[in-house]
Each structure stands twice: as C-alpha cells, then as structure tokens.
Amino acid sequence: MTNKENLEKLAYKTKNAYTIMTPEERKIMMDMCDDYRIFLDNGKTERECVNETIKMALKNGFMPFDTKEKLVAGDKIYCVNRNKNILLAVIGSDDIEKGINIVGSHIDSPRLDLKQNPLYEAEEMALLKTHYYGGIKKYQWTAVPLAIHGVCYTTDGEKIEISIGENENDPVFCVTDLLPHLAQDQMSKKLSEAIEGEALNILIGGIGLNDIEIDNSVKYNVLNILNISYGIDEETFLSAELEIVPAFKAKNVGFDNSFVGAYGQDDRVCAFTSLKSILEVEVPKKTAVCILVDKEEIGSEGNTGMMSKFFDMAVAEIIAKIKGSCDMITYNKVIRNSACMSSDVSAAFDPNYAGAFEKQNSAFAGHGIAVMKYTGARGKAGSSDASCEFLHKILTVLNNDNVAWQSCELGKVDGGGGGTIAKYVANLNMDVIDCGVPVLSMHSPFEVTAKGDIYMAYKAYKAFYNNFE
Ligand code: MN
Ligand code: MN
C-alpha cells in the first residue's frame, strides 16, 4: 500500500554513524581514536609509519615475509619495501586463484622537504631552504611550530634517524610571515601567490660564534651544534631525507571530543583503520592484504609508490610460497579475481565553504565511510570508475554489517578534483572502489576527521576482509 512511510523507504538516506552505533561500539570508537592519535604522533613520515606498522604487526602475530618458506591458511606476514612502503597479508582458506581482498592506502602526506643544499645565513639568521611536497596551501605553513623528521648519515657513515621538535624540551622551527601592518601588497595578492615557494625557509638559528672571527658566523655556529649533537656536517644534507612537519600532537576536537584534529590524516586515517582491521583478521576465506604506499601525494610514481613493481612482486611471492611456484597465468588469474578498496580520504562537506560542494553528492562528517565510484577531474579524467556490479557487491557487504556509508564526489563538477591510487591498482586488471574517511581542512597542517567515520571505516574494511567474496 502506498503511504508516506512506504514512500519514504524508497528514498536514499545516509545514516548518522553515531545513532546506529551500540553504546559498546561508542566505547570501542573512543578507545580506538585514542590509539589512532598515538599512531599519528608516532608516525609523522612514511618511514615512521612503516616502523609503527611493523611494531603493531609483530605484536599481533605477524612475521617478516622472509622468515616463512611456505604459507598456509591463517599465516600472517608482512613485507617492507625500502622502509617506506609495507604490505601485510593474512593467508585465506580458499584457493588463492579465487583472488585476494586488498585494502590500499597511502602513508605519505603533504609537507615541506628540505632542499638538498638547504643551509644559509641571511641578516645573521640561519635558515633552511625547503621544497614543498604534495598539494599545500603555502600560507598555511607560515607562523606555525614545525618539527624536523627524517634520516641522514653522520660523517662516520652511520645512518641516524632525526626527530626534533616533538618533545617538551625540544626547540621547534618555523616559517615567518609578514606582519599585517606591512602586508598591504601581500594582502592584495591572490592566496596562491601571497607566499612564494622560495619564501618557505625555516628559521633555525640566530646566535653567532663569539670566540672565532668568521663570515656567516650564525650558520657556522648551527653547523657546529649539529656536528656536536649528531655527528653531521653540511654535506650530510645532500643525501638526507629530512621532512618538515607540524610540531604539535594529535588532539581531540570539540567539547564532546567528537573529532580528531591532527597533521597527516590524509591518508593515515585510512592506513590506521585498514591496518587495525587486518590485525584482527583470523582465517579469512580469501587472502587479506593491506598495503600502505608512499608517494601518492606526488602521483604514485617511484619505487615506493603504487606504480612500483613492489606490489606485483610481493603478491607473486605469496602465491609461490602457497603453491610452490607462480607462473604468469596463475598470477594473472589471482589478480583478475581480486578486489581492492582504495582507501583514501574524501572531502567532508564544509558549511563554511558550501559553495565548493554539490550537496546531494557530498560526504558529511559523521555519516560514515565515503564511497566514491570515481574520482578524477573535469570529465572524470584520470579516474578509475568502479563498475556497477562491483560497487553493488561492496555496498551489499557494508549494508549486511550495518556500516554507515555515504556516496560522494570530490566537490562540484569542474571545481577542481583529485586522484588516488585506485587507477594504478585497477590497471593491473582488478576491481577497485575508492572509499575513505571524509576530512575537513584536508592537506592543511591540522586536518579534522569525525570519530564516527573513523570507526565506520574500520568496520567497513573488516567487513570487506571477512565477508567479501
Ligand atoms: Mn590521500
Ligand atoms: Mn592527499
């Protein structure tokens, strides 16, 4: 019979993540987000994220890939690529030729990298030149406390890890900005031009040597301090990988602690939730794989990005360790039958910038994991467009497990756009769907995510690993 109630059932409505949760789930969500904040604080670079992932994997019974000659159902392994990219797998009970279930996310985030020859002195201040990495709004990186993270070699050839600016007593660094009193010209410029790339120099010192007469005394004093503290010299910088990231810790946001505010949540929020999901998988039917890649923010190129052969090689080796060997035909069959959730963040509808969104196809904070059939720019350029059949199967799995999900696009048509690793995975010849946690202030030093969405992403990946066939 047609009545109001029956008609309303016909409409698509998103669910509020909090209202469909049990009180127990709310508690799990809050505890999980406490762990998530620690994960963010301990992993501000792709290398640190890999280290943190290994620690969590070992605690949960995963073994380094090379320690296993053969793999059988229930085996849990991980495989690291150049300290920046990691793949975890739990071997399933089904024949691997039926395919594997993959969740892929990235652990690199927009930041300022030090130039290879960065150090200079100007007006008796020592500074470091940077080259930004990924899509940043440059003005957001001035006048905020910054930390230096990364790796380099001492003059004795010893590799050391650097992290300065995170402990209470550490100094921090910063990019200075012009005072408003003198910013008449700057303020009339376009936002994209107000701060120039070459102006993103980090202030690191201001006291010269007082016992030695030498030009650039402040710079030499800094070099001397670095030499005494870390055993490095100026040439150290030329091979170093040093990343400048916000120095503050992840925080709860809101009187109700409803959001997480932190640097690097794109895409560590999906890395954390997919990692947590696979750590809890026991013996799935299909082999479960979680891959955390580097270089997404600059196009997925390079030997640690999604376009690297690392993924293919790791999967081929897994097949070989299960079956005794892996030929091209077997490998192709496994890939063709596999499914991937490309888990990357999406834009959460922001009422402050409502004009950038098309409301009917936007993701809303607190309404669950965002599912994107396609990403891309303009006429879907550069997108992996998931098929109707695959998307329907995925949504059925999410519905069966009471996951709050919402369908969205990344903003208005022709408003800009973006891509993920989805297309590179899809190019291998498997089904891929883009999905992830909606983010406010994406790519800023302080990105914001809703805890209900973090929990629902975790629940979605778990449902996928356990129930997608
Ligand atoms: Mn991303
Ligand atoms: Mn991004």
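The coordinates are above.
Owing to the predicted nature of the structure, the values given are computational and were not obtained by experimental measurement.

1. What to know about the sheet that holds strand S10 (residues 241-246)
Within a sheet, neighbouring strands are paired by backbone hydrogen bonds and run either parallel or antiparallel to one another.
Move 1: The antiparallel open sheet is built from six strands, whose spatial order is S8-S7-S10-S5-S6-S9. Both outer strands of the open sheet, strand S8 (159-164) and strand S9 (202-205), are each paired with one neighbouring strand and no more. In this sheet, adjacent strand axes meet at a mean angle of 30° when their direction is disregarded.
Move 2: Here strand S6 (residues 125-133) pairs with S9 via three bridges, running antiparallel. The partner of Leu127 across the bridge, within S9, is Leu203.
Move 3: Sheet contacts for helix H6 (residues 217-230): strand S5 (111-122), S6, S8 and S9; angle to S5, the most-contacted strand, approximately 125°.

2. Let's talk about the layout of surface pockets
Move 1: Estimates place the volume of the largest pocket at around 960 Å³.
Move 2: When contributions to the lining of the largest pocket are tallied by element, the ones reaching two or more residues are strand S19 (417-418) and strand S21 (438-440).
Move 3: Residues that form the lining of the largest pocket fall into these classes: 13 nonpolar, 14 polar and seven charged.
Move 4: Here the second largest pocket is characterised by a volume of approximately 440 Å³.
Move 5: Around the second largest pocket, the lining comprises 22 residues; the ones closest to its centre are Phe173, Ile204, Val222, Ile225 and Leu226.
Move 6: Those elements that place two or more of their residues in the lining of the second largest pocket are strand S7 (146-153), S8, S9 and H6.
Move 7: Tallying contributions element by element places H6 first for the lining of the second largest pocket, with six residues.
Move 8: The class makeup of the residues in the lining of the second largest pocket is 18 nonpolar, four polar and no charged.

3. Regarding the coordination of the manganese ion (ligand 2)
Move 1: Bound to the manganese ion (ligand 2) are the protein donor atoms Asp266 (OD), Glu297 (OE), Glu297 (OE) and His443 (NE2), situated 2.1 to 2.6 Å from the metal.
Move 2: Along the chain, the residues donating to the manganese ion (ligand 2) fall in the pattern D-x30-E-x145-H.
Move 3: Here the manganese ion (ligand 2) and the manganese ion (ligand 1) are spaced 3.3 Å apart, and both take Asp266 as a donor. Of the two residues, Glu297 sits in the loop between strand S13 (287-293) and helix H9 (310-323) while His443 sits in the loop between S21 and strand S22 (447-450), which places them 146 residues apart along the sequence.
Move 4: Given a relative accessible area of 14%, Glu297 falls into the buried group.

4. So, helix H13 (residues 451-467)
Move 1: Between its first and last C-alpha atoms H13 spans 24 Å; for 17 residues at 1.5 Å apiece the expected length is 24 Å, and the two agree.
Move 2: Among the 17 residues of H13, 14 are classified as buried, and the element is accordingly described as predominantly covered.

5. Thoughts on the nonpolar core
Move 1: Judged by nonpolar contacts, the single largest core of 66 residues is most densely connected at Leu88, Met341, Ile369 and Leu398.
Move 2: Element by element, the count of residues in this core is highest for H13, at ten residues.
Move 3: Excluding anything up to four places from it in sequence, Leu398 contacts Met341, Ile369, Val371, Val403, Trp405 and Ala460.
Move 4: In this structure, Leu112, Ile162, Ile232 and Ile244 belong to the second largest nonpolar core, which totals 33 residues.

6. Overview of unusual backbone geometry
Move 1: Of note, the bond from Asp266 into Asp267 is cis; its omega dihedral lies within 30 degrees of zero at 15°.
Move 2: Within the element layout of this structure, Asp267 appears in helix H8 (residues 265-279).
Move 3: Backbone geometry at Glu124 places phi at a positive 60°, although glycine is not the residue there.
Move 4: Note that Glu124 resides in the loop between S5 and S6.
Move 5: On the basis of relative accessible area, Glu124 is assigned to the exposed category, the value being 58%.
Move 6: Residues other than glycine seldom take positive phi values, yet Asn429 does so here, at roughly 95°.
Move 7: Looking at the element boundaries, Asn429 is found in the loop between helix H12 (422-426) and strand S20 (431-436).
Move 8: Residue class for Asn429 comes out partly exposed when judged on its relative accessible area of 47%.

7. Let's talk about empty space enclosed by the protein
Move 1: In this structure the tally under the stated criterion is one cavity of 30 Å³ or more.
Move 2: Of the residues contributing to the lining of the largest cavity, the split by class is five nonpolar, no polar and three charged.

8. Some details on the environment of Asn221
Move 1: By the element assignment, Asn221 lies in helix H6.
Move 2: Between the alpha carbons of Asn221 and Gly208 there is a distance of 5.8 Å; along the sequence they are 13 residues apart.
Move 3: Other than its neighbours up to four places away in sequence, Asn221 contacts Ile207, Gly208 and Leu209.
Move 4: A polar contact of 2.7 Å, which involves the side chain of Asn221, links it to the backbone oxygen of Ile207.

9. Some remarks on the side chain of Arg111
Move 1: Looking at the element boundaries, Arg111 is found in strand S5.
Move 2: For Arg111, a relative accessible area of 3% translates into the label buried.
Move 3: A polar side-chain atom of Arg111 sits 3.3 Å from a polar atom in the side chain of Glu46.
Move 4: Among the polar contacts made by the side chain of Arg111, one reaches the side chain of Glu243 at a distance of 3.3 Å.
Move 5: Those residues within four positions of Arg111 in sequence are excluded, and the remaining contacts are Glu46, Tyr132, Tyr133, Ile136, Trp141, Glu243, Ile244, Val245 and Tyr263.

10. Thoughts on the coordination of the manganese ion (ligand 1)
Move 1: Ligation of the manganese ion (ligand 1) by protein atoms is provided by His106 (NE2), Asp266 (OD), Asp344 (OD) and Asp344 (OD), these donors lying 2.1 to 2.6 Å from the ion.
Move 2: Counting the intervening residues between successive donors of the manganese ion (ligand 1) yields the motif H-x159-D-x77-D.

11. Focus: the packing of aromatic side chains
Move 1: As enumerated under the stated definition, the model contains eleven aromatic pairs in all.
Move 2: Note on Phe464 and Phe468: the rings are 5.4 Å apart at their centroids and 40° apart in plane angle, and the pair reads as tilted. The pair formed by Phe464 and Phe468 is uniform in burial state, with each residue classed as buried.
Move 3: Aromatic rings pair up to connect Phe390, Phe464, Tyr465 and Phe468 into one cluster.
Move 4: Its end group placed over the ring of Tyr120, Lys129 keeps NZ or CZ at 4.7 Å from the ring centre.
Move 5: Positioned over the ring face of Phe65 is Lys321, at 4.1 Å from the centre of the ring.

Conventions used here
- Residues numbered from 1 in each chain as written.
- Chains lettered and ligands numbered in written order.
- Predicted model: local features only at pLDDT ≥ 70, side-chain atom pairs only at ≥ 80, totals over all residues.
- Heavy atoms only, no water.
- Pairing = 2+ DSSP bridges.
- Helix = DSSP H or I, 4+ residues; strand = E, 2+ residues; numbered from the N terminus.
- Axes fitted to C-alpha atoms, helices over the stretch in contact; angles between N-to-C directions.
- Contact = heavy atoms within 4.5 Å.
- 1 Å grid on protein atoms, 1.4 Å probe; cavity = no way out; pocket = protein on both sides within 12 Å on 5 of 7 lines; lining within 4 Å.
- Points joined across faces, edges and corners; volume = space filled by probe spheres on them.
- Nonpolar A, V, L, I, M, F, W, Y, C, P; charged D, E, K, R; others polar.
- Donors = N, O, S within 2.8 Å, 3.2 Å for Na, K, Ca; no water.
- Buried < 20%, exposed > 50% of the residue type's maximum accessible area, 1.4 Å probe, protein only.
- Expected span 1.5 Å × (residues − 1).
- Core = buried A, V, L, I, M, F, W, Y, C linked by side-chain atoms within 4.5 Å.
- Polar contact = N/O pair within 3.5 Å; in protein donor to acceptor, adjacent residues only side chain to side chain.
- Phe/Tyr/Trp six-rings, centres within 6.5 Å; stacked < 30°, edge-to-face > 60°.
- Lys NZ or Arg CZ within 6 Å of the ring centre and 35° of its normal.

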